[in-house]
Amino acid sequence: MTMWVFGYGSLLWNPGFDPVESVLARLPGYHRSFCMWSIHHRGSVEKPGLVLALDEVEALQCNGLALAVHPDEESRVLAELRERELVSSAYLEKRLLVDLTDGRRVEAVTYVIDPVHVQYCGGMALEQQAQVIANAHGGRGPNAEYLYNTAAHLHELGIRDPDLDWLSDRVREIRA
């Protein structure tokens, strides 16, 4: 059975592996938002940034990409994803069913926010998110770069996310 990974943020533009197949997909029951403080990759302990995470919301869905991993690379890819995504234990690794646009339904490794973790910050106003993102920087670079890359790749894929569009425009204004 093929191992799939569901990408909704940086995995869209930096999966860390070459997928053998990449298909638009929908994950029911979850919503993409900047609901996780980043103290490693896009911020620091002293000045946290924000990264995207999946918040469980029954009535919503998240559109993203299902990425198939080559069978010979599954162990390596999973180990690297865990090192990257589970660095602070704010994400939970789950295997969730995603609906592919070609009609298939597959189980995908998916990283969702732990809502009781100290880094969870769901419900933050968009303006506050913009202020944080515009001024944060972490080990993988500026927080704004993460936002811009994700929003651009969602556009390339034809996936609309009005909150990310608004945040991109607002962060550019703040940084100008």
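In what follows, the structure referred to is the one given above.
Given the structure is predicted, the values throughout are model-derived calculations rather than measurements. (Residues numbered from 1 in each chain as written. Predicted model: local features only at pLDDT ≥ 70, side-chain atom pairs only at ≥ 80, totals over all residues. Heavy atoms only, no water.)

**Considerations on the packing of aromatic side chains**
For step 1, the next point in the chain: Using the criterion set out here, one finds four aromatic pairs in the structure.
For step 2, the next point in the chain: Aromatic pair Trp13 and Tyr146: ring centres 6.3 Å apart, planes at 70°, arrangement edge-to-face. Placement of Trp13 in the loop between strand E1 (3-7) and strand E2 (21-38) and of Tyr146 in helix H3 (residues 143-157) is noted, with a sequence separation of 133 residues between them.
For step 3, the next point in the chain: Each member of the aromatic cluster is reached from another via a ring pair, and the members are Trp13, Phe34 and Tyr146.
For step 4, the next point in the chain: Over the ring of Tyr148 we find Arg172; its NZ or CZ atom is 4.0 Å from the centre of that ring. (Phe/Tyr/Trp six-rings, centres within 6.5 Å; stacked < 30°, edge-to-face > 60°. Helix = DSSP H or I, 4+ residues; strand = E, 2+ residues; numbered from the N terminus. Lys NZ or Arg CZ within 6 Å of the ring centre and 35° of its normal.)

**Here we look at the packing of H3 against helix H4 (residues 162-175)**
Each packed pair of helices is defined by two parameters, the angle between the axes and the distance between the axes.
For step 1, the next point in the chain: Where H3 meets H4, the closest approach of the two axes is 10 Å, and the angle between their N-to-C directions is 140°. Taken together, the axes of H3 and H4 lie oblique to each other. Between H3 and H4 the crossing geometry is left-handed. Contacts between H3 and H4 involve Ala144, Leu147, Tyr148, Thr150, Ala151, Leu154 and His155 on the former and, on the latter, Leu164, Asp165, Leu167, Ser168, Val171, Arg172 and Arg175. (Axes fitted to C-alpha atoms, helices over the stretch in contact; angles between N-to-C directions. Parallel < 35°, antiparallel > 145°, perpendicular 65-115°, else oblique. Left-handed = near helix turned anticlockwise from the far one by under 90°. Contact = heavy atoms within 4.5 Å.)

**Focus: the sheet that holds strand E5 (residues 105-113)**
For step 1, the next point in the chain: Pairing within the closed barrel is mixed, and its five strands lie in the order E1-E3-E2-E4-E5. On average, each strand axis in the sheet is inclined to that of its neighbour by 40°, with strand direction left out of account.
For step 2, the next point in the chain: In this structure, strand E4 (residues 91-100) lies alongside E5, joined through nine bridges in antiparallel fashion. Along E5, the bridge assignment pairs Leu97 with Glu107.
For step 3, the next point in the chain: Here helix H2 (residues 126-135) sits on the sheet in contact with E2 and strand E3 (49-69), set at roughly 50° to E3. (Pairing = 2+ DSSP bridges.)

**Observations regarding unusual backbone geometry**
For step 1, the next point in the chain: Even without being a glycine, Ser89 presents a positive backbone phi close to 65°.
For step 2, the next point in the chain: Tracing the backbone through its elements, the reader meets Ser89 in the loop between helix H1 (74-85) and E4.
For step 3, the next point in the chain: With relative accessibility at 46%, the residue Ser89 sits in the partly exposed group. (Buried < 20%, exposed > 50% of the residue type's maximum accessible area, 1.4 Å probe, protein only.)

**Considerations on H2**
For step 1, the next point in the chain: By the burial criterion, the buried members of H2 are Gln129, Ala130, Val132, Ile133 and Ala134.
For step 2, the next point in the chain: Looking at the packing, one finds that the buried side of H2 touches E2, E3, H3 and H4.

**Examining the pairing of E3**
Side chains on a regular strand alternate between the two faces of the sheet.
For step 1, the next point in the chain: Sheet topology places E1 next to E3; five bridges connect them, and they run antiparallel. By the bridge assignment for E3, Val5 is matched with Leu67.
For step 2, the next point in the chain: Alignment of E2 against E3, held across 15 bridges, turns out to be antiparallel. Its bridge partner lying in E3, Leu24 is registered against Leu65.

In short, the description is geometric, and any link to function would need to be established separately.
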